[in-house]
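Chains, contacts and geometry: an overview
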Amino acid sequence: MPKVDPKKYSQSLAPYENLVATNQKVARKGATMPYTSVNGHMFSLLTKEGWLALRLPEDEREAFLRKYKTKLAVQYGTVMKEYVQVPEALLKKTSELRKFFNLSYEYVSSLKPKPTKKTAPAKERAAKKR
């Protein structure tokens, strides 16, 4: 597992937040591991190691991997098959990366929404037990 570097993470956070701010339909989520999602599907993630993973459709993913000479993202020893690891230099180029961030958003928006798993408020649960 890659070593966590708080300095690298903090240097990556501002460019990631700038990227997220380019799309008015998206809000950053997550306190310790920032991410974005739509309809219950995550499409970007800033890891504790300070690198960005973006979820792309297959054709765009393959082109991205070739163009930026990068690899599929790996988290906790598992390959994230639809996610590319964004090179550090590209993360700092918001105007260039914005295209891929928006492609990622559009791709995930096209997926069937995940069912919500919201639990009933405590008062409602207590009333059902009676």
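Notes on the structure in this doc start here. (Residues numbered from 1 in each chain as written. Predicted model: local features only at pLDDT ≥ 70, side-chain atom pairs only at ≥ 80, totals over all residues. Heavy atoms only, no water.)

1. Re the pairing of strand 5 (residues 78–86)
To be explicit about the condition: Should DSSP find at least two bridges between two strands, the strands are taken to pair. Only runs of H or I of at least four residues qualify as helices and only runs of E of at least two qualify as strands under DSSP, and these elements are numbered from the N terminus.
With four bridges joining them, strand 3 (residues 52–55) and strand 5 adopt antiparallel strand pairing. The residue bridging leucine 54 from the neighbouring strand is valine 84, located in strand 5. Where strand 4 (residues 72–75) meets strand 5, four bridges bridge the pair, whose relative direction is antiparallel. When the sheet's bridge partners are listed, alanine 73 is paired in strand 5 with methionine 80.

2. Let's talk about the sheet that holds strand 1 (residues 35–38)
Using the following cut-off: Each axis is a line fitted through C-alpha atoms, taken for helices only over the stretch in contact, and angles between the N-to-C directions span 0 to 180 degrees. The criterion used for residue contact is that any of the two residues' heavy atoms lie within 4.5 Å.
Pairing is antiparallel in the open sheet, where five strands are placed in the order 1-2-3-5-4. Each having just a single partner strand, strand 1 and strand 4 make up the two edges of the open sheet. Adjacent strand axes in the sheet meet at a mean angle of 40 degrees, parallel and antiparallel pairs treated alike. Taken strand by strand, helix 4 (residues 94–109) contacts strand 1, strand 2 (41–46), strand 3 and strand 5, and its axis lies near 50 degrees from that of strand 3.

3. A look at unusual backbone geometry
The following threshold applies: Relative accessibility decides the category of a residue: with a 1.4 Å probe and only protein chains considered, values under 20% of the type maximum give buried, values over 50% give exposed, and everything between is partly exposed.
Of note, the phi angle at lysine 69 is positive, near 45 degrees, even though the residue is not glycine. Tracing the backbone through its elements, the reader meets lysine 69 in the loop between helix 2 (58–67) and strand 4. Using a relative accessible area of 74% as the deciding quantity, one classes lysine 69 as exposed. Phi at tyrosine 76 takes a positive value of approximately 50 degrees, unusual for a residue other than glycine.

4. Points about empty space enclosed by the protein
Leftover empty space is mapped by rolling, across the atoms, a probe with the size of a water molecule. Quick reminder of the rule: Lining residues are defined by having an atom within 4 Å of a point belonging to a cavity or pocket. Those points lie on a 1 Å grid over the protein atoms alone, cavities being sets where a 1.4 Å probe fits but cannot get out and pockets being open sets with protein on both sides within 12 Å along at least five of seven lines. Grid points are joined across faces, edges and corners, and a volume is the space filled by probe spheres set on the points. Each residue gets one of three labels, nonpolar for Ala, Val, Leu, Ile, Met, Phe, Trp, Tyr, Cys and Pro, charged for Asp, Glu, Lys and Arg, and polar for the others, Gly among them.
Scanning the model with the defined rule gives one cavity of 30 Å³ or more in all. If you add up the space inside the largest cavity, you get close to 40 Å³. Lys8, Gln11, Ser12, Pro15, Glu88, Leu91 and Lys92 are the residues that line the largest cavity. Contributing elements (two or more residues each) for the lining of the largest cavity: helix 1 (6–20) and helix 3 (88–91). If you tally residues by element for the lining of the largest cavity, the top one is helix 1, at four residues. Across the lining of the largest cavity, the residue classes break down as two nonpolar, two polar and three charged.

5. Examining the side chain of threonine 36
Our working rule: Two N or O atoms count as a polar contact when they lie within 3.5 Å, although within protein this holds only if one can serve as hydrogen donor and the other as acceptor, and sequence-adjacent residues are included solely when both atoms are side-chain atoms.
Of note, threonine 36 is situated in strand 1. Within the structure, threonine 36 has its side chain in polar contact with the side chain of serine 44 (distance 2.5 Å). The residues touching threonine 36, leaving out its near neighbours within four places in the chain, are Tyr16, Val20, Val26, Ala27, Arg28, His41, Met42, Phe43, Ser44 and Phe101.

6. Looking at the side chain of serine 44
Note on placement: serine 44 falls in strand 2. On the basis of relative accessibility, which here comes to 0%, the residue serine 44 falls in the buried class. Residues in contact with serine 44, not counting those within four places in the same chain, are Tyr16, Pro34, Tyr35, Thr36, Leu52, Ala53, Leu54 and Phe101.

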